Amino acid sequence: MQQVLIAGGGPAGLAAAIALAERKIAVTVVDPADCIAGTRAEMLAQGAGAIMQRLGLGHVLQDALRIETVKSMWGAAHLQSHGTAPGLGVHGWGLDRHALSIAMRKRARTLGVRTIKGRIGRTVQTCEGWRTNLSYLSSNKAVTTPYMIDATGRPGHIARRNGATTCHGPNLVAVLWHVAENSTAVMAAEATQVGWWYAAPADQGTTVGFVTSPTTAKEVFNDPQGTLAHAARTLTAIPVPAHGTPCITVDCRSAVLDRICDTGWVATGDAAAAFDPISSQGLFNALSGGFFAGNAVADAIGGDAEAPLVYAALAARTAERTHAQTRLQYAALPFDTAFWREHAGHQIAKRRRTAAEQRQDQTAMPVPAPG
Ligand SMILES: Cc1cc2nc3c(=O)[nH]c(=O)nc-3n(C[C@H](O)[C@H](O)[C@H](O)COP(=O)(O)OP(=O)(O)OC[C@H]3O[C@@H](n4cnc5c(N)ncnc54)[C@H](O)[C@@H]3O)c2cc1C
């Protein structure tokens, strides 16, 4: 019998699967795209080299674009975040998510991980474990497994279906284009009154993003050549996508679950806590969080019932610190406008604490006597 079922084959799910397989635990990863992501350039934060090595993925970094220069125009702000260019985190490498997913799936399969192209549907916890509906190959199959890992990304399907609540920061949307031209090793970012632009280079081209409110995102989506004066960029290092280049919009709010584990499940990666792309911590967090979640579940299977709780406390603390740092990045106020002020004042940590306290109060409430 498979001992652990992982919902989601992104970086967090595959890192958890690699950790479990190294501990000789039978694991299946279910993902609608069979764990293979589309092409998109993302920055891997400085310091992630150790976890990539530990996951057996050091060769991915050898082939990746090493970021040499960061160019930024950050309005009136002079904040030196992490001692680099204003407004940005420290970047190590420009990675193509497609290439990363291929390398991670290969590594997982080499260790014996089973991957299934499908989606985890309804989940019910019974005394034998999780009864789960697996939809794949246009059929539905019920499976039973003792442990589940929620690595479904921002939706956090498993955790939320099992009673956890997601606490969000202010609404934030990224409009993204992929420009398939030869990239230089320059990361660029520019603040405007209503959001910020970035250009992330990787071997397969450059991803250009504008991060803003949902209302402005709609305007930019309809006017991709950047004719909106208040959203226009001036840095030439941020390429203007050619007319007709397809673009997509994605939710990129800060988020965190009020509960990161419970009986028989843990959440990891964006499912547990998601970060504003200004932090550049999402990938690092998914890789390291997945690795530690996988090890915590392996420990729990081996009899250490507290290991998932320790993992969850660490993940919650990491989220709190990263969200606080994100708030400081906005508080530098490159422009004193509603967009920057809203993000500088967000209260996600407070919201999470309140939600967690309310949950504890509910649990402690005496059950009324029947009749
Ligand atoms: C615009 C933008 C730019 C970013 N740029 C950067 C950057 O430069 N650097 C950085 O470090 N981070 C960046 N991030 C963050 C980074 O992309 C994420 O943190 C990272 O992808 C999280 O990995 P994950 O495995 O947790 O989730 P995901 O990568 O979202 O993977 C989740 C997987 O679960 C699957 N799934 C969902 N539901 C189910 C289900 N019911 N059953 C089975 N499978 C399911 C999904 O299809 C998906 O394949 C950025 C994010 C955004 C939005």
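Each chain has its residues counted from 1, following the order in which its sequence is written. pLDDT decides what is reported in this predicted model: residues at 70 or higher carry local features, side-chain atom pairs at 80 or more are listed and counted, and totals for whole chains, interfaces and linings draw on all residues regardless. Values reported for side chains reflect all heavy atoms of the structure, with hydrogen atoms and water molecules removed beforehand.

As annotated in an unreviewed UniProt entry, the protein is FAD-binding domain-containing protein from Tateyamaria omphalii.

S.K.: An account of the packing of aromatic side chains is needed here, citing residue identities and associated values.
M.R.: Aromatic pairs are defined between Phe, Tyr and Trp rings, using the six-membered ring for Trp, whenever the two ring centres lie within 6.5 Å; interplanar angles under 30 degrees are classed as stacked, those over 60 as edge-to-face, and all others as tilted. A full pass over the atoms with the stated rule returns 9 aromatic pairs. Ring geometry for Trp 177 and Trp 197: centres 6.0 Å apart, planes at 25 degrees, overall stacked. Of this pair, Trp 177 sits in strand S13 (residues 173–179) while Trp 197 sits in strand S15 (residues 195–202); the two residues are 20 residues apart in sequence, bridging distant segments of the chain. Comparing Trp 177 with Trp 197 shows no difference in burial state: the two are buried. Aromatic pair Phe 291 and Phe 292: ring centres 5.4 Å apart, planes at 75 degrees, arrangement edge-to-face. Only protein chains enter the calculation, and the probe is 1.4 Å; a residue is then buried if its accessible area is under 20% of its type maximum, exposed if over 50%, and partly exposed in between. For Phe 291, a relative accessible area of 9% gives the class buried. The exposure class of Phe 292 is partly exposed, given its relative accessible area of 43%. In this structure an aromatic cluster arises from ring pairing among Trp 74, Trp 196, Tyr 198, Tyr 330, Phe 339 and Trp 340. Over the face of the ring belonging to Trp 93 we find Arg 66, whose NZ or CZ atom lies 4.6 Å from the ring centre. Note on conventions: DSSP H or I runs of at least 4 residues are helices, E runs of at least 2 residues are strands, and numbering of each starts at the N terminus. Criterion for a charge above a ring: Arg CZ or Lys NZ at most 6 Å from the ring centre, at most 35 degrees from the ring normal.

S.K.: I'd love a proper account of the environment of Met 148, names of residues and values included.
M.R.: As for its placement among the helices and strands, Met 148 is situated in strand S11 (residues 147–150). The exposure class assigned to Met 148 is buried, which follows from its relative accessible area of 0%. In this structure, the C-alpha to C-alpha distance between Met 148 and Ile 6, residues 142 residues apart in sequence, is 5.8 Å. Residues contacting Met 148, with those up to four places away along its chain left out, are Leu 5, Ile 120, Thr 123, Trp 130, Thr 132, Ile 158, Gly 264, Trp 265 and Val 266. Residue contacts are defined here by distance: any two heavy atoms, one from each residue, within 4.5 Å place the two residues in contact.

S.K.: I'd love a proper account of the side chain of Glu 190, names of residues and values included.
M.R.: Counting through the fold element by element, Glu 190 comes out in strand S14 (residues 186–192). Within the buried set, Glu 190 has no salt-bridge partner at all; the shortest N-O distance to an opposite charge, 6.9 Å, is to Arg 233. Polar contacts, as counted here, are pairs of nitrogen or oxygen atoms within 3.5 Å of one another; within protein the pair requires one atom able to donate a hydrogen and one able to accept it, and residues that are adjacent in sequence qualify only if both atoms are side-chain atoms. At 2.9 Å, the side chain of Glu 190 forms a polar contact with the side chain of Thr 234. In this structure Glu 190 touches Met 73, Trp 74, Gly 195, Trp 196, Trp 197, Ala 232, Arg 233, Thr 234, Leu 235 and Ile 238, once residues within four positions along its chain are discounted. When charges are tallied, Lys and Arg are placed among the positive residues and Asp and Glu among the negative ones, while His and the ends of the chain are skipped. Whenever a carboxyl oxygen of Asp or Glu lies within 4 Å of a side-chain nitrogen of Lys or Arg, that contact is scored as a salt bridge.

S.K.: How would you explain the pattern of salt bridges if you had to name every residue and give the values?
M.R.: Per the stated rule, a full pass over the model turns up 12 salt bridges. The salt bridge involving Asp 251 is made with Arg 253; its shortest N-O contact spans 2.9 Å. Looking at Arg 253, the relative accessible area reads 18%, which means it is buried.

S.K.: Explain unusual backbone geometry to me, and be specific about the residues and the numbers.
M.R.: In this structure, Asp 34 takes a positive phi of about 55 degrees despite not being glycine. Note on Asp 34: relative accessible area 18%, which makes it buried. Phi at Leu 333 is positive, roughly 40 degrees, even though this residue is not glycine. With respect to the helices and strands, Leu 333 occurs in the loop between helix H8 (307–331) and helix H9 (338–344).

S.K.: Report on the pairing of S11, specifying residues and quantitative values.
M.R.: Neither face of S11 is left uncovered, since the one carrying Tyr 147 and Ile 149 and the one carrying Met 148 and Asp 150 both have all their residues buried. Strands were regarded as paired on the criterion that DSSP finds at least two bridges between them. Sheet topology note: the S11/strand S20 (residues 265–267) ladder contains 3 bridges and is parallel. Looking at S20, one finds that Asp 150 is bridged to Ala 267.

S.K.: Kindly report on the site of the ligand, identifying the contributing residues and their values.
M.R.: A molecule or strand has a residue near it when one of that residue's heavy atoms lies within 4 Å. By nearness alone, 31 residues border the ligand, and Asp 31, Met 43, Arg 97, Asp 270 and Leu 283 come closest of all. Between the ligand and Gly 8, the relevant distance is 3.4 Å, taken from a nitrogen atom to a main-chain nitrogen or oxygen of the residue. With respect to the ligand, the side chain of Glu 42 contributes an N or O atom lying 2.9 Å from an oxygen atom. Summarising the interface, the protein chains cover 88% of the accessible area of the ligand, which totals 1,000 Å² for the free molecule. Of all the secondary structure elements, the ones that give two or more residues to the shell around the ligand are helix H1 (11–22), strand S2 (27–31), strand S3 (41–45), strand S8 (119–126), S13, strand S17 (247–251) and helix H7 (282–301). Each residue receives one of three labels: charged for Asp, Glu, Lys and Arg, nonpolar for Ala, Val, Leu, Ile, Met, Phe, Trp, Tyr, Cys and Pro, and polar for the others, Gly being one of them. Residue classes in the shell around the ligand are distributed as 15 nonpolar, 9 polar and 7 charged. Surface exposure here means Shrake-Rupley accessible area, sampled with a 1.4 Å probe, where a residue is shielded only by the protein chains that are shown.

S.K.: Go over the environment of Leu 257 with me, naming the residues and quoting the values.
M.R.: Position of Leu 257 relative to the elements: it lies in strand S18 (residues 255–257). You can call Leu 257 buried: its relative accessible area is 1%. Considering only alpha carbons, one finds Leu 257 and Thr 166, 91 residues apart in sequence, at a separation of 4.4 Å.

S.K.: How would you explain the sheet that holds strand S5 (residues 69–73) if you had to name every residue and give the values?
M.R.: Read from one edge of the open sheet, 6 strands run S5-S14-S15-S16-S13-S17, paired in mixed fashion. Looking at which strands have only one partner, the edges of the open sheet turn out to be S5 and S17. The average undirected angle you get between the axes of adjacent strands in this sheet is 20 degrees. Summarising the sheet, S15 and strand S16 (residues 205–212) pair through 8 bridges and their orientation is antiparallel. Bridging from a neighbouring strand, Pro 201 pairs with Thr 206 of S16. Only the contacting stretch of a helix is used when fitting its axis, a line to C-alpha atoms as for every element, and angles between N-to-C directions run 0 to 180 degrees. Against the sheet, helix H6 (residues 214–222) engages S13, S16 and S17, with an angle of about 30 degrees to S13.

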